[in-house]
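# Analysis of the macromolecular model
Residues per chain are reported as follows:
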Amino acid sequence: MFPQDSDRDGDGADADSRAETTGRQVVVFTDDGRRAGPTALLRSLTGVSTVTRSSEFDSSAMDLELAEVSDAVLFDELGIAVVTADPDQLVALRTAVASPDVAVLSVEPELFHHALDSEDTVVEIARPENGAAAPVDLDHFLDTPEFTWGLQATRTTTSECSGRGVRIAVLDTGFDLTHPDFQGRTITAQSFVPGAAPQDGHGHGTHCIGTACGPAAATGTRRYGVAHEADIFVGKVLSDQGRGVDGGILAGIEWAIANGCHIVSMSLGADVASVSVAYETVGQRALAAGVLIVAAAGNNANRAAGRPGLVGVPANSPSIMAVAAVDPDLGLANFSAASNPVAGGQIDVAGPGVRVFSSVPMPARYGSKNGTSMATPHVAGIAALWCEKTGRTGRDLWSLLTQHSRRLGLPSLDVGAGLIQASRHPGIQASR
C-alpha cells in the first residue's frame, strides 16, 4: 500500500519512472479492430501462438491461472489484450500503432497497482495557504450510534433509495464471504488473482464493500453502508498483500460489464502521472455501455509538507471518475492527491475518507480506515442510489452526481465538483 506520508512528490516523468511494470504489454485495439477479430491481428503482427479469450469463459470470468500459459489474453468486451512480447514482437506492435491502416490504438507496459488506503492513524488536515480563502463550511460531523459521519455528510441518511436492482462491482482485495452482516445478500464473487479465492485476506476490499453496500441496520453498531439493497459483485483483483496488475484489473472490469453491473468501484492505483490509453479507452467503452467507473485519486500527497501529490492511473483517465477525500470537518485530507496537469488528471468529486468506519474481516468485524480508497465506495454506493431513483446510467449518471454534489470552500483542483450527495442538498437548486 502507498503510505500517506510517502516521499512521492508526484512530478510527472519522475513519478512515471518509478512505476512498477511486469514486462508484459497492454495492447488496445481500435473499435474497428475489436469488432473485426483482434486474435487474428495479434497473431499476424507478433506470431503469438496461444491466445486466451474472455469469451471462452462463463460470464467472461477469465481464469488467469489457466491463462498464464498463453502468449496473450484478450478481453473481448474491452477490446484489449495483455501480451508477453519479445523485443522483435514489441517493435512490431509499436510499428502497428504508428500505422493508420492497422487497428492498434496503443501499446503500453503492464503496471502493478496497490490498494490506496493510508496506514497513518493520525491525519493532519490541509489548510488554506496564506492569502487563500478560508473554507465557509462550518459543519463538523461525528459518528453517532445510528450513522457514520460519512453517511450523514453525504445525506445518505435522508435518501429514500436503497440501491435495489442496481449492481455494484467492487474490484479490490476480495471480500469476507463469512461476514454476518451480509448473510442473505445477493453476492457474486470471482477472483482474478491467479491461485487465490475471492476471500479477503487483506481487509481493504471488505471495508470498501461495507461502505458501498453495507446493511441498513448492522447488529450492535451504527449503519455504515450506503446502497444496502444493491447486488454485490466482488472482483478480487488485488492479492492479500494489496497488490495486483493491469491484467487482473482489466479482467475484473470485463467481467463486471459482461454481468450487467451499473457501477464499478476501484480503490486502487499506480503512481503514474501519464494517462493510460488502456484505462481511458476502457472508461469510454464502459460509459458507452452504461457503466460508470469510479476510482480513488490517490494518497501520495503530504499537504502539510507542501507536496500536493498527483492523481495516478487509472483515476487520471478523463472517462473514469476520480475521487478525493475529505475529513469530518469537510476539510481536505492531508494525503488526498491533487489534480495533475495532464488532460483528464483532475479530481471530479470528493467523498468521506478520514476515520471511516465499516466492515472488516472476521473476527474483528468492524474497523476504521483512512484513504481516498474509503471515499471512493461512498461515491459508488451513492451512484447506485441515484441510478435506482432516476434510471440514469453511464454518462448521464456521472452528470447527475456532479450536478448534485455539495460545493465546498476548497479549490476544485482538490475536490472537483464538491462532496458527493445522496439526496439534494438544501443549497442546490432543482434542475429545470
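Counting restarts for each chain, with residues numbered from 1 along the sequence as it is written. Selection of residues for local features in this predicted model requires a pLDDT of at least 70, selection of side-chain atom pairs for listing and counting requires 80 or more, and totals for whole chains, interfaces and linings are taken over all residues. Hydrogens and water are ignored here; the side-chain numbers use all heavy atoms of the structure.

## Thoughts on the confidence of the model for the chain
- Here the chain averages 90 in pLDDT, while 89% of its residues score no lower than 70.
- Per-residue confidence from the predictor is reported as pLDDT, which spans 0 to 100. Only heavy atoms enter the contact rule, under which two residues are in contact if any of them lie within 4.5 Å. Across residues 1-15 the pLDDT falls below 50, and counting only partners more than four positions away or on other chains, this stretch makes 45 contacts in the model.
- Per-residue pLDDT stays below 50 along residues 120-136; that stretch engages in 27 contacts with residues further than four places along the chain or on separate chains.

## Regarding the environment of Ala258
- In DSSP terms, a helix is any run of H or I states spanning at least four residues, a strand is any run of E spanning at least two, and both are numbered starting from the N terminus. Counting through the fold element by element, Ala258 comes out in helix 8 (residues 246-258).
- Throughout this description, buried means an accessible area under 20% of the type-specific maximum (1.4 Å probe, protein chains only), exposed means over 50%, and partly exposed covers the range between. Accessibility expressed as a relative area gives 41% for Ala258, which makes it partly exposed.
- Along the primary structure Ala258 and Leu78 are separated by 180 residues, whereas in three dimensions their C-alpha atoms are 9.9 Å apart.
- In this structure, Ala258 is in contact with Ser59 and Ser60, ignoring residues within four places of it in sequence.

## A closer look at the nonpolar core
- Definition of nonpolar core: a set of buried residues of the types Ala, Val, Leu, Ile, Met, Phe, Trp, Tyr and Cys, connected through side-chain atoms within 4.5 Å. The biggest cluster of nonpolar side chains holds 59 residues, and the ones touching the most others in it are Leu250, Ile253 and Met266.
- A total of seven residues in this core trace back to one element, the largest contributor, which is helix 8.
- In this structure Met266 touches Leu171, Ile249, Ile253, Ile293, Val294, Ala295, Ala296, Pro314 and Thr376, once residues within four positions along its chain are discounted.
- Ranked by size, the runner-up nonpolar core spans 49 residues in total, among them Val166, Ala230, Val294 and Met321.

## Remarks on the packing of helix 3 (residues 38-46) against helix 5 (residues 87-98)
- Every angle, taken between N-to-C directions, lies between 0 and 180 degrees, and every axis is a line fitted to C-alpha atoms, over only the stretch in contact when it is a helix. Between helix 3 and helix 5, the shortest axis-to-axis distance is 8 Å and the interhelical angle comes to 120 degrees. By the criterion of interaxial angle, the relationship of helix 3 to helix 5 is oblique. Residues Leu42, Leu45 and Thr46 of helix 3 form the contact with helix 5, whose participating residues are Gln89, Ala92, Leu93 and Ala96.
- Residue type decides the class: Asp, Glu, Lys and Arg count as charged, Ala, Val, Leu, Ile, Met, Phe, Trp, Tyr, Cys and Pro as nonpolar, and the leftover types, Gly among them, as polar. For the contact of helix 3 with helix 5, the per-class residue count stands at five nonpolar, two polar and no charged. Orientation is classified from the angle alone, with under 35 degrees giving roughly parallel, over 145 giving roughly antiparallel, 65 to 115 giving roughly perpendicular, and any other angle giving oblique.

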